[in-house]
Amino acid sequence: MRVRPGRSSRPRTRTRPQHADAVDGFVVAVDRGRYTCVLPDDGPDDPVVTAMRARELGRRSVVVGDRVGLVGDTTGADGALARIVRIDERRSVLRRTADDDETTPEGRLERVVVANADQLVIVSSLSDPPPRTGFIDRCLVAAYDADVEPLLCLTKADLAGPEAVLGYYAELDLPHVLVRPDSDLTGLRALLAGRISVMVGHSGVGKSTLVNRLVPAADRAVGTVSAIGRGRHTSTSAVALRLPPVPDADTDPGWIVDTPGVRSFGLAHVSAESLLHGFPDLVEATADCPANCEHTADQENCALDAWVAAGKADPRRLASYRRLLASRAGETDVRTEADPHGTA
Ligand SMILES: Nc1nc2c(ncn2[C@@H]2O[C@H](COP(=O)(O)OP(=O)(O)OP(=O)(O)O)[C@@H](O)[C@H]2O)c(=O)[nH]1
Ligand SMILES: [Zn+2]
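Residues numbered from 1 in each chain as written. Chains lettered and ligands numbered in written order. Predicted model: local features only at pLDDT ≥ 70, side-chain atom pairs only at ≥ 80, totals over all residues. Heavy atoms only, no water.

A.B. asks: Kindly report on the overall build of the chain, identifying the contributing residues and their values.
C.D. replies: Looking only at helices and strands, one finds eight helices and 13 strands in the chain. Approximately 18,400 Å² of the chain is accessible, and the part contributed by carbon and sulfur atoms is 49%. (Helix = DSSP H or I, 4+ residues; strand = E, 2+ residues; numbered from the N terminus. Areas by Shrake-Rupley, 256 points an atom, 1.4 Å probe, with all protein chains shown as cover.)

A.B. asks: Please give an account of the coordination of the zinc ion (ligand 2) that cites residues and values.
C.D. replies: Bound to the zinc ion (ligand 2) on the protein side are Cys289 (SG), Cys293 (SG), His295 (ND1) and Cys302 (SG), at distances that span 2.0 to 2.4 Å. Coordination at the zinc ion (ligand 2) is tetrahedral, judged from the four donor atoms that bind it and the angles of 101 to 117° they form at the metal. All donors of the zinc ion (ligand 2) belong to a single chain; written as a sequence motif, their spacing is C-x3-C-x1-H-x6-C. The pair histidine 295 / cysteine 302 is uniform in exposure class, with both members buried. (Donors = N, O, S within 2.8 Å, 3.2 Å for Na, K, Ca; no water. Tetrahedral: all angles 85-135°; square planar, octahedral: opposite > 155°, others 65-115°. Buried < 20%, exposed > 50% of the residue type's maximum accessible area, 1.4 Å probe, protein only.)

A.B. asks: How would you explain helix 1 (residues 133-146) if you had to name every residue and give the values?
C.D. replies: For an α-helix, the turn length of 3.6 residues means that residues three or four places apart are oriented alike. The terminal C-alpha atoms of helix 1 lie 20 Å apart, and with 14 residues this matches the ideal 20 Å at 1.5 Å per residue to within 8%. In terms of burial, helix 1 is a largely internal element, 10 of the 14 residues being buried. The positive-phi residue at the C-terminal boundary of helix 1 is aspartate 147, with phi of around 65°. (Expected span 1.5 Å × (residues − 1).)

A.B. asks: Would you mind going over the side chain of arginine 138 in detail, with residue names and values included?
C.D. replies: Mapped onto the fold, arginine 138 is located in helix 1. Among the polar contacts listed, one links the side chain of arginine 138 to the side chain of serine 327, at a separation of 3.0 Å. (Polar contact = N/O pair within 3.5 Å; in protein donor to acceptor, adjacent residues only side chain to side chain.)

A.B. asks: A description of helix 4 (residues 207-214) should follow, citing residues and the corresponding values.
C.D. replies: Buried residues of helix 4: Lys207, Leu210, Val211, Asn212 and Leu214, and no others. On its buried face, helix 4 is in contact with strand 8 (119-125), strand 9 (149-155), helix 3 (186-192), strand 11 (196-201), strand 12 (239-242) and strand 13 (255-258). (Contact = heavy atoms within 4.5 Å.)

A.B. asks: Would you mind going over the confidence of the model for the chain in detail, with residue names and values included?
C.D. replies: Keep in mind that low pLDDT regions are not for reading the predicted coordinates in detail. This prediction gives the chain a mean pLDDT of 83; 81% of its residues lie at or above 70. Confidence over residues 224-235 falls short of pLDDT 50; this stretch has 15 contacts with residues more than four positions distant or in other chains. Low pLDDT, under 50, characterises residues 332-344; the stretch is placed with 11 contacts to residues that sit more than four places away or in other chains. (pLDDT = per-residue confidence, 0-100.)

A.B. asks: Lay out the nonpolar core with the relevant residues and their values.
C.D. replies: The biggest cluster of nonpolar side chains holds 56 residues, and the ones touching the most others in it are Leu120, Ile122, Tyr169, Phe265, Leu282 and Tyr321. If you tally residues by element for this core, the top one is helix 1, at eight residues. The next biggest cluster of nonpolar side chains, apart from the first, holds 21 residues, and it includes Val123, Leu185, Leu188 and Met199. (Core = buried A, V, L, I, M, F, W, Y, C linked by side-chain atoms within 4.5 Å.)

A.B. asks: Go over the pairing of strand 1 (residues 23-31) with me, naming the residues and quoting the values.
C.D. replies: Pairing of strand 1 with strand 4 (residues 67-72) involves four bridges; the strand directions are antiparallel. Within the sheet, the bridge partner assigned to glycine 25 lies in strand 4 and is valine 68. By the bridge criterion, five bridges tie strand 1 to strand 2 (residues 34-38) in an arrangement that is antiparallel. Within strand 2, the residue paired with valine 27 across the bridge is cysteine 37. Taken together, strand 1 and the strand that follows it, strand 2, pair antiparallel across an intervening segment of two residues, in which arginine 32 is found at a positive phi of about 45°. (Pairing = 2+ DSSP bridges.)

A.B. asks: Account for the packing of aromatic side chains, with residues named and values stated.
C.D. replies: Taken as a whole, this structure holds three aromatic pairs when the rule is applied. A ring pair is formed by tyrosine 168 and tyrosine 169, whose centres lie 4.7 Å apart and whose planes are at 85°; its orientation type is edge-to-face. The class for tyrosine 168 is buried, based on a relative accessible area of 3%. Overall, the relative accessible area of 3% leaves tyrosine 169 in the buried class. (Phe/Tyr/Trp six-rings, centres within 6.5 Å; stacked < 30°, edge-to-face > 60°.)

So, in structure tokens, the structure goes:
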């Protein structure tokens, strides 16, 4: 027999009735404690809502892509300030260990870059600068770790062909698009429709150029290193941009998140096992590894060596995996150094 207390015995406060009227919001930008949100039914011309965090959220961070509950003045009128009282459960969490700011301990900590992303668009130019597969591999690890689908976006296809890069990823079912200055972006728009896509890429690969073509209203600065936005501080934070409507379709065109400050993904927070998931072409081989194999080059009888020798994967992929393993170890050291009472 089930014993269940009557409804009336539940403490009222558990349902937080004071926030029953919270409206749903989607965080599109974060800047110095102010969160820019849009309401789900609002269109591109509706005013955005500026909000601050309610104290009851404690230390939980609110990031671009978060779906939140808003109370207070959600009119978006000049000077109006709403409060974020709820952060919805995240569908995905794209993290990095910030390895691009080694000057401060905070700079080396793990942080959430974007919440609820569906897709990571890895922007790499085919020439000027040449493609860096090490960077792409790193992004793939971050994507698989975050349960976000990767999409390889190869720019400057007018300057060089994609054969070498695509050959390197031949064993992976890695979707890709080619972009040149005059290319039709219909195919890319179709891959972005209805989803939240995060764009990452090195400086100079043409990411701003592409973002401007996809979202002309965004007006991202081209050919300048991180000098976008209204102020110094907005230039390095992620911002979600609404894609324009797809002609002849009433589907949601989706959102792209530009990440000007993210030059790479530090992976110190990713376990060695998860790191391997960025290399689906190698995973199968490790079933034959000795117990507790670390898969490093000096590991005896690591099955990855035989796998590559038998031609089942590209040796450069194994080298890349091992480089990441090693650099991850380095990143872990960096984090330990950051803590004078180092526990690890
Ligand atoms: N040939 C060619 N040049 C391109 C293409 N896309 C962008 N460029 C040029 O590449 C340079 C860098 O482009 P950006 O869009 O500023 O590159 P970015 O990745 O945003 O780099 P940052 O602004 O430094 O973050 C610019 O001079 C662009 O005009 C392309 O498809 N083909
Ligand atoms: Zn091994």
